[in-house]
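If you want the building blocks of each chain, they are given just below.
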Amino acid sequence: MASFIERMCLYLVLVLSVFLSITQAVDRSNFKTCDQSAFCSRQRAMKPGQSSYTALLETLELSDSHLTVQLLNNNNKVLLLLELYRLQGNMTRVKINELKPIKPRYEVPDVLITDPPTELMSVVAQDEHRVVLSLGGEDWRLILSAQPFRLDIMEGPQVLLSLNSRGLLAFEQLRIRKDTKSQTDTEEAGEKEDTEKHDKEKVSEREEEEAEEEVDQPGMWEETFKTHADTKPNGPSSISLDFSLPGVEHVYGIPEHADGLRLKNTDGGDPYRLYNLDVFQYELFNPMALYGAVPVLLSHNTHRTMGLFWLNAAETWVDVSSGQGSSEVPQTDVRWISESGIIDVFIMLGPRPNDVFTQYASLTGTQAFPPLSSLAYHQCRWNYNDQEDVSAVDQGFDEHDIPYDFIWLDIEHTDGKRYFTWDNNKFPQPKDMLQGLLDKRRKMVTIVDPHIKVDSSYKIHTEIRSRGYYIKNKDGGDYEGWCWPGNAGYPDFTNPEMRKWWASMFAYDQYEGSMENLYTWNDMNEPSVFNGPEVTMHKDALHGPWEHRDIHNLYGFYVQMATAEGQIQRSGGLERPFVLTRAFFAGSQRYGAVWTGDNAAEWGHLKMSIPMCLSLGLVGISFCGADVGGFFKTPSAELLVRWYQAGAYQPFFRAHAHLDTPRREPWLFGPDNTALIREAVRQRYTLLPYWYLQFYHAQRTGQPVMRPLWVEYPEDIATFSIDDEFLIGRDLLVHPVTDERSSGVTAYLPGNREVWYDVHTFQRHDGAQNLSIPVTMSSIPVFQRGGSIICRKNRVRRSSSCMEDDPYTLYVALDSQGNAEGELYIDDGHTFKHKTDKQFIHRRLSFTANSLSSSDLSPDSQFPTASWVEQVNILGAQKPDAVTLTTDGGESSVEFEFDPDTAVLTLRKPGVNTGVNWTLHLR
């Protein structure tokens, strides 16, 4: 009984500490700095200088697929193996591992979608000091220098990138702790050495000198943070490598951090940290780790964009140092430091931004094509109290004429935080509730977290335990920690059998009360452990043969993977899933959406949502959003309205709020604010065809949906540091109002020869200028690029599904030459039939020589649609004498109206089906 009371007291203390933390900013003392992380401190103590590594060119071997050469650490005589691959698509892969580790080192599985195809490498020159390799074409070269070891990638005489030019390659080899070696260990080591003399004399040199060279430092074999001890049975295993980027001043990526789009110089401060953590109310402008980690960095200047993908799932720190290189040329140096694993880095050579996106997508896949409805508006809070509450909120949206598609339930909907269950008192008839939503063509999301209540009467727990699917502690028992249910186990999602079982739990006969319009939210999957070190799992916990320290940043990736697979399986492989995750890694884009976590109702957090989502888009994760209104604290009416206006133009559009905040449904702030929020949400719904088209392209090409201006204007230096405005696709530029009591904003309109049209007033503006825009509370500054055609649906209904067959209005924005082009994509919005059966419509829209035409971009596909073209608005037009429509059925005249003040020509009711060829002639 006493032990139970003690556990409950601990639980109450932990929960109280969680709730107290919401009243203030993050307690930074709960999370390590580099100085408090033994391996980071140890590696960072190394100073740039001559590398201790030599490439032994006499060991070089070149095959059809790759090159190998041994690297010798001159200090301790340890041998590494360097592998170089020339990959298809203008990429180079560099792998470095121990030549003969005493046990395997972890190599990240499942993130790459395939073994990347290679291309032939050839030696074009070689002497005792270096080897020159061809990377295809006459100008592309890779130079491998022997002493000290260094790699340079060249285009003609220009160095694009250097590896280990600062001599910061470090590779802590696995070893046996000296004070625990037995005589048997020594004898066995001697016998092994005798049988491996053919493996080069350098190995024996290592054995002879290791005792002299290897001096243990604090934190190598164990370290303590606060009250948590981290045992390290494998000892020190960290790795480090530096990259130099001559001519580069701007680097981006490595999310997730609450910081600006452009990465800052970390000299004199902490490096950027990549270690998935549950951080309450995170600080802004801080390199601290947050919920997700994507180890991808992009460099950009006016001549070239490149990328570095550091494939390592352990805790990682990234130093960025910008300054002058040789000959006063700007240079950025980037150093990666990881606690364990191997060096496995992909160098993506661009040269254009879109090339880098394509290269990265070829490695880790593209953004999953979401159901159309998931691009609409989502209503959430922690928590809607019961079925009656859900019904009242649902009805409130109808009464106030505000559309929405998804309503969400947080942890309180379950039976005592037991996931895959319902609270029988609050939600006694979940299917009735879901059916009521389905009748209105709406949907629900429930939370399913990966901490499982330890309860012998709970089916999920007993099944996982009986199958041995829990993560183990260092002693071999099931790892347990504290989270929302109290004492909880953590399923080992790295185990394919566990993922398969988890997926099976989403079947309708397993997840009782679920229906086809119920989708899933994976939260707390960093994993969050309230009583663990840094509110996460102990690093010496075990996933089969691997320590948690090796796989930490992969955990959330695997949770979302298994959940998405479960949703697909429950429909027999027919329906697309929708899964939101908080923790993520490279490749998470294949499984759904992410959000920026536990933000606050503050203007700074509204501003920060833009660069945070832009950074994610640059590394493949397009489906990003922030909690509208802020999760913690209470927004003013002005802040809430401005957040809705910004959120309506970000990919994932969800309002969410903490349990202890006042209710903030859109109609609770007075009729004026309700009207402003309604208008913002309605703007989102009218643009759903355009959003859907952008996600269609994202899943085909890897291009980000929400993108920085420099992606489309890579030679315009003025765009390189802009992160308070953005593009949706190529054709919409958005500058949300993110300052309190703002009376105006200044938007930069890029492009020397571009024309931009205000989407609300149709006023035309030239590009390459800073435009001062007066704003009121109803203003959302958005501009359409001249030369584009955007399709909208202006008949907004209560949900996106209700708009399925509604007509389109085309907005044709003419460029300075009087031309424009665009696309329209239509499918059923929710199944995989666009892939399996080619059931879709993809049209090219083109305005040239005073004619607007629609032609088929995919003649071998087909999809029946009742939608039609209701109206065409041509911006920047001149008044015609007549307008005629030509189809296979002949020619007919079309009514039109011209406004000389705005230069807008409106063509009314062409009445043509969107799936057929047609041409409108302006005569």
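Residues numbered from 1 in each chain as written. Predicted model: local features only at pLDDT ≥ 70, side-chain atom pairs only at ≥ 80, totals over all residues. Heavy atoms only, no water.

Chemist: Give a detailed account of the overall build of the protein chain, specifying residues and quantitative values.
Modeler: Along the backbone of the protein chain there are 17 helices and 52 strands. Here the C-alpha radius of gyration of the protein chain, 29 Å, is about what a compact globule of 923 residues would show, namely 29 Å. With respect to the three principal axes, the spread of C-alpha positions in the protein chain is 95 × 75 × 50 Å. Relative to its 923 residues, the protein chain shows a buried fraction of 62%. Put simply, 72% of the contacts in the protein chain that link residues at least 6 apart link residues at least 24 apart. (Helix = DSSP H or I, 4+ residues; strand = E, 2+ residues; numbered from the N terminus. Rg over C-alpha atoms; globule rule 2.2 N^0.38 Å. Buried < 20%, exposed > 50% of the residue type's maximum accessible area, 1.4 Å probe, protein only. Contact = heavy atoms within 4.5 Å.)

Chemist: Give me the nonpolar core: which residues, what numbers.
Modeler: Counting 171 residues, the largest nonpolar core has F309, M444, W502, F578 and Y644 as the members making the most contacts within it. Among the elements that line this core, the one with the most residues is helix α12 (residues 603-618), at 9 residues. Those residues in contact with W502 that sit more than four places away from it in its chain are F420, V448, D449, P450, I452, F493, V559, A562 and T563. Of all hydrophobic cores here, the second largest spans 52 residues; its members include Y53, I96, V251 and A293. (Core = buried A, V, L, I, M, F, W, Y, C linked by side-chain atoms within 4.5 Å.)

Chemist: Give a detailed account of unusual backbone geometry, specifying residues and quantitative values.
Modeler: Residue E256 is bonded to the preceding P255 through a cis peptide linkage, with omega at 25 degrees. One can find E256 in the loop between β14 (250-253) and β15 (272-274). Residue P527 is bonded to the preceding E526 through a cis peptide linkage, with omega at 5 degrees. Of note, F420 is a non-glycine position whose phi angle comes to about 70 degrees, a positive value. Looking at the secondary structure, you find F420 in the loop between β22 (406-409) and α7 (430-439). The residue E534 is not glycine, and still its phi comes out positive at about 55 degrees.

Chemist: Outline the sheet that holds strand β25 (residues 480-483), supporting the account with residue identities and numerical values.
Modeler: Ordered by their spatial adjacency, 3 strands build an open sheet running β24-β26-β25, and the pairing between neighbours is antiparallel. Both outer strands of the open sheet, β24 (452-453) and β25, are each paired with one neighbouring strand and no more. (Pairing = 2+ DSSP bridges.)

Chemist: Provide a residue-level description of the state of the cysteines, including the pertinent values.
Modeler: What the rule picks out here adds up to 2 disulfides. Across the disulfide, C34 is cross-linked to C40 (sulfur-sulfur distance 2.0 Å). Handedness here is read from the sign of the S-S torsion; for C34 and C40, about -100 degrees, the answer is left-handed. Across this residue pair, the class does not change: C34 and C40 are buried. Counting only the cysteines that form disulfides, in the order they appear in the protein chain, gives the pairing 1-2, 3-4. The structure places no disulfide on C483, whose sulfur is separated from the nearest cysteine sulfur, that of C380, by 17 Å. (Disulfide = S-S within 2.5 Å.)

Chemist: Could you give an account of the packing of aromatic side chains, naming the residues involved and the relevant values?
Modeler: A full pass over the atoms with the stated rule returns 46 aromatic pairs. Pairing Y479 with Y490 gives two aromatic rings, centres 6.0 Å apart and planes at 65 degrees, and the pair type is edge-to-face. Of this pair, Y479 sits in the loop between α8 (459-467) and β25 while Y490 is found in the loop between β26 (486-489) and α9 (496-504), placing the two residues 11 residues apart along the sequence. Take Y479: its relative accessible area is 5%, and that puts it in the buried class. Given a relative accessible area of 0%, Y490 falls into the buried group. Across from the ring centre of Y85, 5.9 Å away, lies the NZ or CZ of R93, which sits over that ring. (Phe/Tyr/Trp six-rings, centres within 6.5 Å; stacked < 30°, edge-to-face > 60°. Lys NZ or Arg CZ within 6 Å of the ring centre and 35° of its normal.)

Chemist: Tell me about the sheet that holds strand β4 (residues 91-98), residues and numbers included.
Modeler: Taken in spatial order, the 8 strands make up an open sheet running β1-β2-β3-β4-β20-β17-β16-β14, and their pairing is antiparallel. Of all the strands in the sheet, the pair left with one neighbour each is β1 (53-62) and β14. Pairwise comparison of adjacent strand axes, ignoring direction, gives a mean angle of 20 degrees for this sheet. Both β1 and strand β2 (residues 67-73) contribute to a ladder of 6 bridges, which runs antiparallel. Residue L56 lies in a different strand from β2, and its bridge partner there is Q70. In this fold helix α5 (residues 353-364) packs onto β3 (79-87), β4, β16 (296-300), β17 (305-310) and β20 (343-348), with an angle of close to 25 degrees to the strand it touches most, β17. (Axes fitted to C-alpha atoms, helices over the stretch in contact; angles between N-to-C directions.)

Chemist: Would you mind going over the pairing of β14 in detail, with residue names and values included?
Modeler: Where burial is concerned, the two faces of β14 agree: the one with H250 and Y252 and the one with V251 and G253 are both buried. With 4 bridges connecting them, β14 and β16 associate as antiparallel partners. Among the inter-strand pairings, H250 is bridged to a residue of β16, identified as H300.

Chemist: Describe α12, with residues and values.
Modeler: If you check α12, its first and last C-alpha atoms are 24 Å apart, about what 16 residues at 1.5 Å a residue would give, namely 22 Å. The largest bend in α12 comes to about 25 degrees, at S609, with the proline P611 one to four residues further on. Across the 16 residues of α12, 14 count as buried, placing the element largely inside the fold. Positioned one or two residues after α12, G620 has a phi angle of 100 degrees, which is positive. (Expected span 1.5 Å × (residues − 1). Bend = angle between axes of the 7 residues up to and from the residue.)

Chemist: Please give an account of the pattern of salt bridges that cites residues and values.
Modeler: Within the structure shown, the criterion is met by 56 salt bridges. Through salt bridges with shared partners, one network takes in D230, R273, E315, E339, E534, K539, E547 and R549. (Salt bridge = Lys/Arg side-chain N within 4 Å of Asp/Glu carboxyl O.)

Chemist: If you had to explain the environment of A747 to someone new, which residues and values would you point to?
Modeler: You can see A747 is positioned in strand β37 (residues 744-749). With a relative accessible area of 0%, A747 lands in the buried category. When the C-alpha positions of A747 and S772 are compared, they lie 6.6 Å apart, and in sequence the two are 25 residues distant. Apart from residues no more than four positions distant in its own chain, A747 is found in contact with E725, H735, Q769, N770, L771 and I773.

Chemist: Break down the side chain of K443 for me, with residues and values.
Modeler: Tracing the chain through its elements places K443 in strand β23 (residues 443-447). Put simply, K443 is tucked away with no salt bridge, and the nearest opposite charge, on D405, sits 4.8 Å away. Leave out the neighbours within four places in its chain, and K443 touches S373, D405, F406, I407, L437, N517, Y519 and S801. (Lys, Arg positive; Asp, Glu negative; His and termini not counted.)

Chemist: Tell me about the packing of α12 against helix α13 (residues 637-647), residues and numbers included.
Modeler: Look at α12 against α13: their axes get within 10 Å of each other, and the N-to-C directions meet at 5 degrees. By the angle between their axes, α12 is roughly parallel relative to α13. Contact residues: α12 offers W603, H605 and L606, while α13 offers E638, L639, R642, W643 and A646. In the contact of α12 with α13, the residues fall into 5 nonpolar, 1 polar and 2 charged. (Parallel < 35°, antiparallel > 145°, perpendicular 65-115°, else oblique. Nonpolar A, V, L, I, M, F, W, Y, C, P; charged D, E, K, R; others polar.)

Chemist: I'd like a description of the environment of F506, backed by residues and values.
Modeler: Mapped onto the elements, F506 comes out in the loop between α9 and β27 (518-522). A relative accessible area of 1% places F506 in the buried class. With 60 residues separating them along the chain, F506 and G566 place their C-alpha atoms 5.3 Å apart. Residues contacting F506, with those up to four places away along its chain left out, are F420, V448, Y511, T520, T563, G566, Q567 and R570.

Chemist: Any chance you could break down the pairing of strand β7 (residues 140-145) for me, citing the residues and the numbers?
Modeler: Within β7, 5 of the 6 residues are buried, which leaves the element mostly enclosed by the surrounding structure. Of the strand pairs in this sheet, strand β6 (residues 130-134) and β7 are connected by 5 bridges, and their pairing is antiparallel. Residue V132 lies in a different strand from β7, and its bridge partner there is I143. The antiparallel hairpin formed by β6 and β7 contains 5 residues in its connecting segment, where G136 sits at a positive phi of about 95 degrees. Between β7 and strand β8 (residues 150-155), which pair antiparallel in sequence order, lie 4 residues.

Chemist: Give me the packing of helix α14 (residues 671-686) against helix α15 (residues 688-701): which residues, what numbers.
Modeler: Relative to each other, α14 and α15 sit at 55 degrees, their axes nearing to 5 Å. In terms of axis orientation, α14 runs oblique to α15. Across the interface between the two elements, R684, Y685 and T686 from α14 touch L688, P689 and W691 from α15. Each residue belonging to the contact of α14 with α15 can be placed in one class, and the counts come to 4 nonpolar, 1 polar and 1 charged.

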